[in-house]
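Residue strings, one per chain:
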Amino acid sequence: RKLLKADKKCLVLFEPESTYTNTKLIFSAYKKLLENHYFGGAKNPRNPFKNCKNPSEIFSLHRRIQIEMRNTLNRIGFLANYDGSLRLRGEVPVSNLLKKLLKEEFNVKENSFYKQDYFISMPKWESIWSSENYEKIGIQIEELGGLKIYPYYTVWSPTSRRYLKLLLDYVTQNQAFLKAKTSVLDLGCGSGVLSFLFAQRLKTKYIYAVDTNPEAVRCTQVNFQLLQSESKLTAVNASIDSSSLNQLRETFRKNEFPNKFDIMVSNPPWLVASYLNPEHLLDYGSYDPKEKVLHGCFSLVLLFFFPC
């Protein structure tokens with residue numbers, strides 16, 4: 001911890017002789033130590049917000065702590081070979097996703113020689129490995145009758161159930177009214193779980209989905225096929241923020257979207273703040289710096305609920 005604090009540019013690299021199990025244990029212990037530095041432990045809790053005068057100051061300080069912790073943890077990692085294997089000993093997992101990402105990032109070609117010195121930070125590895133497991137085994141969704149969703153890397157996983165339960169309660173309470181509707185527009189579809197609920201519970205005939213992340217669009221399309229729904233899905237990659245409405249309308253026209261939708265659903269970014277990590281697409285699902293996405297959603301309501 002002293003080394004990382006003293007030199008802001010240094011990296012802490014696990015030696016190839018280290019075992020995979022030990023690297024995880026050491027990283028977890030240091031992560032806990034870092035959390036205790038800011039928040040204290042169970043016996044000696046610390047409140048870093050005690051001098052904050054209002055919620056805005058608490059939010060700003062909490063973000064600053066998050067950024068500092070993220071930047072520190074991202075400097076701890078190990079080496080990976082160009083084929084995606086980790087340069088560690090012991091029972092080391094093999095990640096096809098890491099291999100794919102390395103090939104894309106470094107333009108790796110088969111049967112060619114490359115230096116085997118790709119640094120992978122521990123937080124990035126945990127994100128990749130977690131995402132790969134989700135994509136393999138899926139996430140069971142009670143609100144879809146126990147069916148599974150298989151999220152892709154950089155696509156928000158439907159692990160939180162509160163918003164799904166809220167939507168299911170609304171659909172159940174208003175089933176007679178909603179069953180007469182034939183089209184749903186899902187703004188910021190992610191894995192597609194919101195629109196799938198309409199397709200499964202109400203048999204809504206036409207499902208239209210939009211997301212700024214092309215991986216989310218592909219994720220929605222693949223999961224929709226696995227659901228074997230009788231509904232028809234049209235999913236497109238497009239920005240839904242307020243500065244891109246003209247381009248979005250043109251995208252709708254090219255993909256034969258209707259001039260009016262019966263239902264519009266969205267789980268938009270909820271934090272009016274700058275991105276913690278602009279390079280990470282998951283941040284776009286959490287932060288809406290100037291509320292452009294929220295304004296875009298409401299603008300689309302006016303355009304496609306009450307078309308001129």
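Rules of the game
Residues numbered from 1 in each chain as written. Predicted model: local features only at pLDDT ≥ 70, side-chain atom pairs only at ≥ 80, totals over all residues. Heavy atoms only, no water. Core = buried A, V, L, I, M, F, W, Y, C linked by side-chain atoms within 4.5 Å. Buried < 20%, exposed > 50% of the residue type's maximum accessible area, 1.4 Å probe, protein only. Helix = DSSP H or I, 4+ residues; strand = E, 2+ residues; numbered from the N terminus. Salt bridge = Lys/Arg side-chain N within 4 Å of Asp/Glu carboxyl O. Phe/Tyr/Trp six-rings, centres within 6.5 Å; stacked < 30°, edge-to-face > 60°. Pairing = 2+ DSSP bridges. Right-handed = clockwise from strand over helix to strand, strands pointing away. Axes fitted to C-alpha atoms, helices over the stretch in contact; angles between N-to-C directions. Parallel < 35°, antiparallel > 145°, perpendicular 65-115°, else oblique. Left-handed = near helix turned anticlockwise from the far one by under 90°. Contact = heavy atoms within 4.5 Å. Nonpolar A, V, L, I, M, F, W, Y, C, P; charged D, E, K, R; others polar.

1. Focus: the nonpolar core
Then, in step 1: Within the largest apolar cluster, 27 residues are counted, with the highest numbers of intra-cluster contacts made by Ile141, Leu144, Leu167, Val171, Val193 and Phe198.
Then, in step 2: The set of elements that each furnish at least two residues to this core consists of strand 4 (139-141), helix 6 (162-173), helix 8 (193-201), strand 7 (206-211), helix 9 (214-227), strand 8 (232-237) and strand 9 (263-266).
Then, in step 3: Broken down by element, this core gets its largest block of residues, six residues, from helix 8.
Then, in step 4: Counting 26 residues, the second largest nonpolar core, distinct from the first, contains Leu97, Tyr118, Ile128 and Tyr153.

2. Topic: the pattern of salt bridges
Then, in step 1: Evaluation of the coordinates by the stated rule reveals five salt bridges.
Then, in step 2: The partner of Glu250 in a salt bridge is Arg253, with the nearest N and O atoms 2.5 Å apart. Of this pair, Glu250 and Arg253 both sit in helix 10 (residues 245-254), separated by three residues, roughly a single helical turn.
Then, in step 3: Residue classification places Glu250 among the partly exposed residues on the basis of a relative accessible area of 32%.

3. Examining the packing of aromatic side chains
Then, in step 1: Evaluation of the coordinates by the stated rule reveals eleven aromatic pairs.
Then, in step 2: Here the aromatic rings of Phe252 and Phe261 are separated by 6.2 Å at their centres, their planes lie at 75°, and the arrangement is edge-to-face.
Then, in step 3: Judged by relative accessible area, which is 2%, Phe252 ranks as buried.
Then, in step 4: Between Phe257 and Phe261, the ring centres sit 6.3 Å apart and the planes meet at 80°, which makes this aromatic pair edge-to-face. Residue Phe257 shares its accessibility class with Phe261, and that shared class is buried.

4. Structural notes on unusual backbone geometry
Then, in step 1: Even without being a glycine, Lys203 presents a positive backbone phi close to 55°.
Then, in step 2: Summarising the element assignment, Lys203 is placed in the loop between helix 8 and strand 7.
Then, in step 3: Even without a glycine there, the phi angle at Gln228 is positive, about 50°.
Then, in step 4: You can call Gln228 exposed: its relative accessible area is 70%.

5. Thoughts on the pairing of strand 8
Side-chain direction in a regular strand flips from residue to residue, so the side chains alternate between the two faces of the sheet.
Then, in step 1: Here strand 7 pairs with strand 8 via six bridges, running parallel. Looking at strand 8, one finds that Ala209 is bridged to Ala235.
Then, in step 2: Between strand 7 and its parallel partner strand 8, the chain crosses via helix 9, and the hand of that crossover is right-handed.

6. Some words on the packing of helix 6 against helix 8
Then, in step 1: Packing of helix 6 against helix 8 leaves a shortest axis separation of 11 Å and a crossing angle of 30°. Classified by the interaxial angle, the pair formed by helix 6 and helix 8 is roughly parallel. For helix 6 against helix 8, the interelement crossing comes out right-handed. Within the contact between the two elements, helix 6 uses Tyr163, Leu164, Leu167, Leu168 and Val171 and helix 8 uses Val193, Leu194, Leu197, Phe198 and Arg201.
Then, in step 2: Its residues placed into classes, the contact of helix 6 with helix 8 shows nine nonpolar, no polar and one charged.

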